[in-house]
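Each chain, letter by letter, is given below.
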Amino acid sequence: MNDFRYLPGVSTLRLKEDLCIGCGACVEVCPHQVFSVNESKATIVDLDGCMECGACALNCPVAAITVSPGVGCASYIIQTWIKGKGAVIECC
Ligand code: SF4
Ligand code: SF4
C-alpha cells in the first residue's frame, strides 16, 4: 500500500521464517499487504508498509511474528509533534 505509510525504517515488525507453517493468516489480516506466502513460508515484502496494528502477530498460530503495536511509528510521530520537525528524534 503506497497511499498510507508512516516513516521508513521504524517498524518493530519481525518474522521468524523458520517457525512459519505457511497458513496465510498474516496475509489475510494485514491491511497493508506487508506479507507474502510462497512455497509455504511467509516473507515480509513491505516492512515500511507496516502500521504496527498487531493483527498479524495476534493471528499467527505459531508465534512466528512479533510486533510492538504502535511503538515505532507512533512513538516517532508523537515525538515529532512534541519536539517539532527538525528536532533530533529518538526512535526504537
Ligand atoms: S502489524 Fe498490522 S500492518 Fe503490520 S504487518 Fe502486521 S497486520 Fe500488517
Ligand atoms: S500467520 Fe504465521 S504461520 Fe501463518 S503464514 Fe503468517 S507467519 Fe506463517
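See above for the structure.
This text gives an overview of the structure that appears in the document. (Residues numbered from 1 in each chain as written. Chains lettered and ligands numbered in written order. Predicted model: local features only at pLDDT ≥ 70, side-chain atom pairs only at ≥ 80, totals over all residues. Heavy atoms only, no water.)

Here we look at the site of ligand 2
Part 1 of the argument: Residues in close proximity to ligand 2 total 14 residues, the closest being C20, C23, G24, C26 and C60.
Part 2 of the argument: Counted by class, the shell around ligand 2 contains 12 nonpolar, two polar and no charged residues. (Near = heavy atom within 4 Å. Nonpolar A, V, L, I, M, F, W, Y, C, P; charged D, E, K, R; others polar.)

Regarding the nonpolar core
Part 1 of the argument: Ranked by size, the top nonpolar core spans 14 residues in total, and within it L13, L15, C26, V34, F35, C56 and I65 carry the most contacts.
Part 2 of the argument: In contact with C26, other than residues within four places in its own chain, are F35, A42, C56 and I65. (Core = buried A, V, L, I, M, F, W, Y, C linked by side-chain atoms within 4.5 Å. Buried < 20%, exposed > 50% of the residue type's maximum accessible area, 1.4 Å probe, protein only. Contact = heavy atoms within 4.5 Å.)

Examining the site of ligand 1
Part 1 of the argument: As a structural note, the neighbourhood of ligand 1 is formed by L13, C30, P31, V34, F35, C50, M51, E52, C53, G54, A55 and C56.
Part 2 of the argument: Grouping the constituent residues of the shell around ligand 1 by class yields 10 nonpolar, one polar and one charged.

Here's the deal with the pairing of strand β3 (residues 41–44)
Part 1 of the argument: Pairing between strand β2 (residues 35–38) and β3: four bridges, direction antiparallel. The partner of F35 across the bridge, within β3, is I44.
Part 2 of the argument: Here β2 folds back onto β3, and the loop between the two strands holds two residues, one of which, E39, carries a positive phi near 50°. (Pairing = 2+ DSSP bridges. Helix = DSSP H or I, 4+ residues; strand = E, 2+ residues; numbered from the N terminus.)

Shape descriptors only; they carry no functional weight alone.
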